Amino acid sequence: MKRIVIAIDGPAASGKGTLARRLAAAFNLPYLDTGLLYRVVARRVLDHGGDPADAITATRHARGLGRLDLERGDLRTPEVDLAASAVASIPGVRAALLDFQRAFALHAGAVLDGRDIGTIVFPEADVKLFITATLDVRAARRFAERQAQHVATTLSAVRDDLAARDDADRTRKAAPLRPADDAHILDTSCMDANRAFAAAADWVNQALAKG
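Quick caveat: nothing in here was measured; it's all calculated off a predicted structure. (Residues numbered from 1 in each chain as written. Predicted model: local features only at pLDDT ≥ 70, side-chain atom pairs only at ≥ 80, totals over all residues. Heavy atoms only, no water.)

A. Layout of the overall build of the chain. The secondary structure content of the chain amounts to nine helices and five strands. The order of α-helices and β-strands along the chain, N terminus first, is β-α-β-α-α-α-α-β-α-β-α-α-β-α. Taken against the 2.2 N^0.38 rule, which gives 17 Å for 211 residues, the C-alpha radius of gyration of the chain at 17 Å falls within 12% of a compact globule. Counting only C-alpha atoms, the chain reaches 50 × 35 × 30 Å along its principal axes. Expressed as a percentage of the 211 residues in the chain, the buried residues total 50%. Of the roughly 10,000 Å² that the chain leaves accessible, carbon and sulfur atoms contribute 54%. In the chain, 29 positive and 27 negative side-chain charges are present, and the distance between their average locations comes to 2 Å. (Helix = DSSP H or I, 4+ residues; strand = E, 2+ residues; numbered from the N terminus. Rg over C-alpha atoms; globule rule 2.2 N^0.38 Å. Buried < 20%, exposed > 50% of the residue type's maximum accessible area, 1.4 Å probe, protein only. Areas by Shrake-Rupley, 256 points an atom, 1.4 Å probe, with all protein chains shown as cover. Lys, Arg positive; Asp, Glu negative; His and termini not counted. Charge placed at Lys NZ, Arg CZ, Asp CG, Glu CD.)

B. Looking closely at the nonpolar core. In terms of nonpolar packing, the biggest core is built from 34 residues, with Val41, Leu65, Leu70, Val93, Leu97, Leu112 and Phe122 touching the most fellow members. With eight residues, helix 2 (residues 34–47) is the largest single contributor of residues to this core. Those residues in contact with Phe122 that lie beyond four places of it in its chain are Val5, Gln101, Arg102, Ala105, Leu112, Ile117 and Lys128. Ranked by size, the runner-up nonpolar core spans 21 residues in total, among them Ile4, Leu29, Ile131 and Phe197. (Core = buried A, V, L, I, M, F, W, Y, C linked by side-chain atoms within 4.5 Å. Contact = heavy atoms within 4.5 Å.)

C. Inspection of the pattern of salt bridges at higher detail. Overall, the coordinates contain 16 salt bridges when judged by the stated rule. The shortest N-O distance in the salt bridge between Asp81 and Arg39 comes to 2.7 Å. Here Arg39 lies in helix 2 and Asp81 lies in helix 4 (residues 78–88), a separation of 42 residues in the sequence. The closest approach of N and O atoms between Arg138 and Asp166, which form a salt bridge, is 2.5 Å. On the criterion of sequence distance, the pair formed by Arg138 in helix 7 (residues 135–148) and Asp166 in helix 8 (residues 155–171) is long-range, its members being 28 residues apart. (Salt bridge = Lys/Arg side-chain N within 4 Å of Asp/Glu carboxyl O.)

D. Geometry of helix 4. Turning to helix 4, its buried residues are Val80, Asp81, Ala83, Ala84, Ser85, Val87 and Ala88. On its buried face, helix 4 is in contact with helix 2, helix 3 (55–63), helix 5 (91–104), helix 7 and helix 8.

E. Layout of the layout of surface pockets. Of the pockets and cavities examined, the largest pocket occupies roughly 740 Å³. In this structure, the largest pocket is lined by 40 residues; those nearest its centre are Ala13, Lys16, Gly17, Arg76 and Arg142. Among the secondary structure elements, those contributing two or more residues to the lining of the largest pocket are helix 1 (16–26), helix 2, helix 4, strand 3 (110–114), helix 7, helix 8 and helix 9 (193–209). Ranked by residue count, the leading element in the lining of the largest pocket is helix 1, at six residues. (1 Å grid on protein atoms, 1.4 Å probe; cavity = no way out; pocket = protein on both sides within 12 Å on 5 of 7 lines; lining within 4 Å. Points joined across faces, edges and corners; volume = space filled by probe spheres on them.)

What follows is the structure in structure tokens.
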């Protein structure tokens, strides 16, 4: 099978991570959650008592990121959510992580999900998907995740956090969240995971058939 690059972008809790993992397994491709890279940088900054919005501090931690950092178990908390959005708006951080992401897919292809994969990281990707869903649907999904993690929060608070992240992601100067011009748009608001996977897999198979 041809080794291809599948770029998956979209806002938080849209379902892109679940979809990306299934596509990677189905097409035997490595998978990278690029949002995790920004979470690692945010976590490192917070661990050292720094300000995630400080460009010099955040960029220094981005340059020191290692693969083992991705295995940390404290990267998906509300505190890291907001800090990751802050560090992701810093051009120096994005530049430091760009080579890491591109090298990941260099030899074997890959499925990568994030905010700017199809627009900045891999504008030449074989398949580009933009996964979205309404704010209310995404908030309900994230709230369920938080409950499963026994994190004390409310649906209202989760919704507000997502709305703030959406605004930060879409209005930042460095690689704002938007669909690539040639991306397939998939709204998962009324879809379960199986339907979303079937639609995405069909687009990947079409790309493979074209060679």
